[in-house]
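Next come the chains, spelled out residue by residue.
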Amino acid sequence: MSDQTVVRLDSVRCRSYGICASILPDVFDIPPDAPSAVLLRHEVDPDDVEDLEEAVRACPAQAIFQGSGPT
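For the chain, an unreviewed UniProt entry supplies the name Ferredoxin and the organism Nocardia vinacea. In its Function (unreviewed entry) section, the UniProt record describing the chain reads: "Ferredoxins are iron-sulfur proteins that transfer electrons in a wide variety of metabolic reactions." If you open the UniProt record of the chain and go to Cofactor (unreviewed entry), you find "[3Fe-4S] cluster".

Encoded structure:
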């Protein structure tokens with residue numbers, strides 16, 4: 001059983017504000033001219049859960065979700 005938290009990004013809702021990438025640059029990226037952010041990793045370690053929760057709260061488009069279990 002994994003102790004990592006699953007990250008989900010709704011690319012339809014995402015508007016590339018970049019707040020998530022500024023909070024967790026090793027998880028989210030905003031490629032040039034991309035219509036939405038991309039996930040660099042689909043799971044975060046326990047040490048990054050607080051930052052993920054901050055990214056979820058800070059996303060103006062409400063496009064980030066977290067959970068546990070397989071991706």
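Colleague: Requested: an account of the nonpolar core, with residues and values cited.
Modeller: If you look at the biggest cluster of nonpolar residues, it comprises 18 residues, and the most contacted ones within it are F28, L52 and I64. Contributions of two or more residues to this core are made by β1 (5-9), α1 (19-23) and α2 (49-58). Setting aside chain neighbours within four positions, we find F28 in contact with V7, C20, A21, V38, L39, L40, L52, A55 and I64.

Colleague: An account of empty space enclosed by the protein is requested, with residue identities and associated values reported.
Modeller: Scanning the entire structure with this criterion turns up one cavity of 30 Å³ or more. Quantified by volume, the largest cavity comes out at close to 80 Å³. Here the residues of the lining of the largest cavity sort into 10 nonpolar, two polar and one charged.

Colleague: Please give an account of the environment of I64 that cites residues and values.
Modeller: Considering the arrangement of structural elements, one finds I64 in strand β5 (residues 64-68). The class for I64 is buried, based on a relative accessible area of 4%. Excluding anything up to four places from it in sequence, I64 contacts R8, L9, C20, F28, L52, A55, V56 and C59.

Each value, and the rule that gives it
Residues numbered from 1 in each chain as written. Predicted model: local features only at pLDDT ≥ 70, side-chain atom pairs only at ≥ 80, totals over all residues. Heavy atoms only, no water. UniProt positions renumbered as here; feature names shortened; annotations may be inferred. Core = buried A, V, L, I, M, F, W, Y, C linked by side-chain atoms within 4.5 Å. Buried < 20%, exposed > 50% of the residue type's maximum accessible area, 1.4 Å probe, protein only. Helix = DSSP H or I, 4+ residues; strand = E, 2+ residues; numbered from the N terminus. Contact = heavy atoms within 4.5 Å. 1 Å grid on protein atoms, 1.4 Å probe; cavity = no way out; pocket = protein on both sides within 12 Å on 5 of 7 lines; lining within 4 Å. Points joined across faces, edges and corners; volume = space filled by probe spheres on them. Nonpolar A, V, L, I, M, F, W, Y, C, P; charged D, E, K, R; others polar.

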